[in-house]
Amino acid sequence: MTTRPACARDEPTSELCYREVPAAPERLPALRNALSEWAGRAGLDAEQVEKLILASYEALANVVAHAYPDGGGVLDLQARLLRDPARVEVTVTDYGRWRPEAQRRRDLGGRGLILLRSLAEHAEVLTGGAGTTVRMSWTPPSPS
């Protein structure tokens, strides 16, 4: 089964959107590739595209590894080119449960959020009973 966008805008660079994608490792490469192609058209420079892909993939991998301990969950990926102020925003959402800090520390990982915050110009993680949303943004370079 191919991962296809759930929404599309008239302008191909304005938005990339995938909804209810199974949170499984084998689904992530297709999302990463689609996001990479989209980001290249959205006006980011090569270094920003690289940072966006790495940070986004980390957020996606966190959903697979942590949001659904019993499996069977889904994730949403949305990337948007916003005009005022100009920025590229990527949002990764899951509908699982945020694990308590003590439980996360027993894992070998624990640096994913630090990594994505260091790669994005702005990053926030919103958690609650309905899941977790990671929102990251980058400012495209001004045209010369």
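Calculation rules
- Residues numbered from 1 in each chain as written.
- Predicted model: local features only at pLDDT ≥ 70, side-chain atom pairs only at ≥ 80, totals over all residues.
- Heavy atoms only, no water.
- Core = buried A, V, L, I, M, F, W, Y, C linked by side-chain atoms within 4.5 Å.
- Buried < 20%, exposed > 50% of the residue type's maximum accessible area, 1.4 Å probe, protein only.
- Helix = DSSP H or I, 4+ residues; strand = E, 2+ residues; numbered from the N terminus.
- Contact = heavy atoms within 4.5 Å.
- Phe/Tyr/Trp six-rings, centres within 6.5 Å; stacked < 30°, edge-to-face > 60°.
- Lys NZ or Arg CZ within 6 Å of the ring centre and 35° of its normal.
- Axes fitted to C-alpha atoms, helices over the stretch in contact; angles between N-to-C directions.
- Parallel < 35°, antiparallel > 145°, perpendicular 65-115°, else oblique.
- Left-handed = near helix turned anticlockwise from the far one by under 90°.
- Nonpolar A, V, L, I, M, F, W, Y, C, P; charged D, E, K, R; others polar.
- Expected span 1.5 Å × (residues − 1).
- Polar contact = N/O pair within 3.5 Å; in protein donor to acceptor, adjacent residues only side chain to side chain.

### Regarding the nonpolar core
- Grouped together as the largest cluster of nonpolar side chains are 36 residues, with contacts concentrated most on Leu 35, Trp 38, Leu 52, Val 90 and Met 136.
- For this core, the elements supplying multiple residues, two or more each, are strand E1 (15-22), helix H1 (28-41), helix H2 (46-67), strand E2 (74-83), strand E3 (86-94), helix H4 (112-119), strand E4 (122-128) and strand E5 (131-138).
- Ranked by residue count, the leading element in this core is H2, at eight residues.
- Once you skip the residues sitting within four places of it in the chain, Met 136 turns out to touch Ala 55, Ser 56, Ala 59, Val 88, Glu 89, Val 90, Leu 116, Ala 120, His 122 and Ala 123.

### Examining the environment of Thr 91
- Structurally, Thr 91 is set in strand E3.
- A residue is classified by how much of its surface remains accessible, and Thr 91, at 9% relative accessible area, is buried.
- Distance in space between the C-alpha atoms of Thr 91 and Leu 60 is 9.8 Å, their sequence separation being 31 residues.
- Each residue touching Thr 91, except ones within four places of it in the same chain, is listed here: Asp 76, Leu 77, Gln 78, Thr 133, Val 134 and Arg 135.

### Quick notes on the packing of aromatic side chains
- Evaluation of the coordinates by the stated rule reveals zero aromatic pairs.
- Of note, Arg 32 hangs over the ring of Tyr 57, and the distance from its end group to the ring centre comes to 4.6 Å.

### Quick notes on the packing of H2 against H4
- The contact between H2 and H4 brings their axes to 9 Å, and the two run at 155 degrees. Considered as vectors, H2 and H4 are oriented roughly antiparallel to each other. Judged by the sense of rotation from one axis to the other, the crossing of H2 with H4 is left-handed. Along its contact with H2, which presents Lys 51, Leu 54, Ala 55, Glu 58, Ala 59 and Asn 62, the element H4 presents Gly 112, Leu 113, Leu 115, Leu 116 and Leu 119.
- Its residues placed into classes, the contact of H2 with H4 shows seven nonpolar, two polar and two charged.

### Overview of H2
- Spanning 22 residues, H2 covers 31 Å between terminal C-alpha atoms, matching the ideal 32 Å at 1.5 Å per step.
- Among the residues of H2, those classed as buried are Gln 48, Val 49, Leu 52, Ile 53, Ala 55, Ser 56, Ala 59, Leu 60, Asn 62, Val 63 and Ala 67.
- On its buried face, H2 is in contact with H1, E2, E3, H4 and E5.
- The distance from a side-chain oxygen at the start of H2 to the backbone nitrogen of Glu 47 is 3.2 Å, and the residue carrying that oxygen is Asp 45.

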